[in-house]
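So you can see what is in the structure, the chains are spelled out below.
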Amino acid sequence: MKYSKFALITFFYISFSLTHLVAEEETWKTCLQTHCLSFRLPSLWYLMNRRSNGQTTKFDHFRTQVLKDGLGREIIPALVVLFKESDTKQIVNPILFHAESKKYILVTNIKEYYNLQKLNSEPEQEVFQFLGMVGSFKDKEDTVIQHYITTTNETFGITIIVTCLESVYPQIERDIRLFLSSLKYEKRILPWKFSSIGEQMKKAKELEMSAQSRLKTKQVDQITIALEELDDACELGVLSSCEMYSNLMNLGR
């Protein structure tokens, strides 16, 4: 899909429409196959990039707008969500996955361990959906704060990493508390069902074409549906839909 097919005035209209939909807090949901995560973030945060191969991996990169530290440096905190299917397609052990996924982080000084989304209310049998920790590491003269959170179900593991320089971390600490308190794992009630990869890609392309048609109407309700269709097409593995969805979500910023 080439974005030049859309008139520039359409983008301005969409940008104006989406700007009026932005709230002080936004609820996000990201899914792959039978697995979904939902959470809230202040509108300071936005989806910078979303990628999916439609089968085994999905990557979401959230970031804030530029923050300035005491030295006047421009800092951009990041929040990444990575869905990854087990290479062996066997049941993923939550504790082993948590330990093995630490290769994605650089933390050398662990400050706190925590668990999220209690699944069992019995004090002596407490079970949680998420395993988490927060710590820090040195990057030259700077200290970097990093949250590391994992969850698993069946053959999928999900890793969440929040990274921010210590110098501006107080500016987003409240945001991270909101994110952690609202983070929920959900099992999809009606997951996608396809008999083949070809059928999946055909459906994804149909969603993308439908979204393009809706965007051309310049009607707010149709734009909202178009974004949902692009999000679905992205999840099913169409890179152009991922790019369009991310770009549209960032208009007006």
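Up top you'll find the structure we're talking about.
Residues numbered from 1 in each chain as written. Predicted model: local features only at pLDDT ≥ 70, side-chain atom pairs only at ≥ 80, totals over all residues. Heavy atoms only, no water.

Focus on the overall build of the chain
A count of helical and extended segments in the chain gives 6 helices and 12 strands. Expressed as a percentage of its 253 residues, the buried residues of the chain come to 46%. Taking as baseline every contact in the chain between residues at least 6 positions apart, the subset at least 24 positions apart corresponds to 58%. Looking at the chain as shown, the accessible area adds up to about 13600 Å², and 54% of this sits on carbon and sulfur atoms. (Helix = DSSP H or I, 4+ residues; strand = E, 2+ residues; numbered from the N terminus. Buried < 20%, exposed > 50% of the residue type's maximum accessible area, 1.4 Å probe, protein only. Contact = heavy atoms within 4.5 Å. Areas by Shrake-Rupley, 256 points an atom, 1.4 Å probe, with all protein chains shown as cover.)

Brief notes about the sheet that holds strand β2 (residues 35-42)
One open sheet holds the 3 strands; their spatial order is β1-β2-β12, and the pairing between them is antiparallel. Only two strands of the sheet have a single partner each, and these edge strands are β1 (25-32) and β12 (184-187). For this sheet, the mean inter-axis angle between neighbouring strands, taken without regard to orientation, is 25 degrees. Sheet analysis places β2 next to β12, joined by 4 bridges and oriented antiparallel. (Pairing = 2+ DSSP bridges. Axes fitted to C-alpha atoms, helices over the stretch in contact; angles between N-to-C directions.)

Remarks on the side chain of E85
As for its placement among the helices and strands, E85 is situated in strand β7 (residues 78-85). Take E85: its relative accessible area is 10%, and that puts it in the buried class. With near-sequence residues (within four places) excluded, E85 lies in contact with Q55, T56, T155 and F156.

Re the nonpolar core
One finds L79, I160 and F179 to be the most contacted residues of the largest nonpolar core, which totals 44 residues. Sorting elements by how many residues they give to this core places strand β11 (residues 156-165) first, with 6 residues. Once you skip the residues sitting within four places of it in the chain, L79 turns out to touch L41, W45, D60, H61, F62, I160, I161, V162 and F179. (Core = buried A, V, L, I, M, F, W, Y, C linked by side-chain atoms within 4.5 Å.)

A short note on helix α3 (residues 169-182)
For α3, which comprises 14 residues, the first-to-last C-alpha distance of 19 Å matches the rise-based estimate of 20 Å (1.5 Å per residue) to within 8%. Taken as a whole, α3 has its buried residues at Y169, I172, D175, I176, L178, F179, L180 and S182. (Expected span 1.5 Å × (residues − 1).)

Some details on the sheet that holds strand β9 (residues 127-139)
In spatial order, the strands read β3-β4-β7-β11-β10-β9-β8; together these 7 strands make up an open sheet with antiparallel pairing. Two strands bound the open sheet, and with one partner strand each, they are β3 (45-52) and β8 (109-120). Averaged over neighbouring strand pairs, the angle between their axes works out to 15 degrees when direction is ignored. Where β9 meets strand β10 (residues 142-153), 9 bridges bridge the pair, whose relative direction is antiparallel. Bridge pairing in β10 places G132 opposite I149.

A closer look at unusual backbone geometry
Phi at Q117 is positive, roughly 60 degrees, even though this residue is not glycine. Considering the arrangement of structural elements, one finds Q117 in strand β8. Given a relative accessible area of 25%, Q117 falls into the partly exposed group. One non-glycine residue, K140, lies in positive phi territory at about 60 degrees. Following the sequence through the fold, K140 ends up in the loop between β9 and β10.

As far as function goes, none of this settles anything; it's purely spatial.
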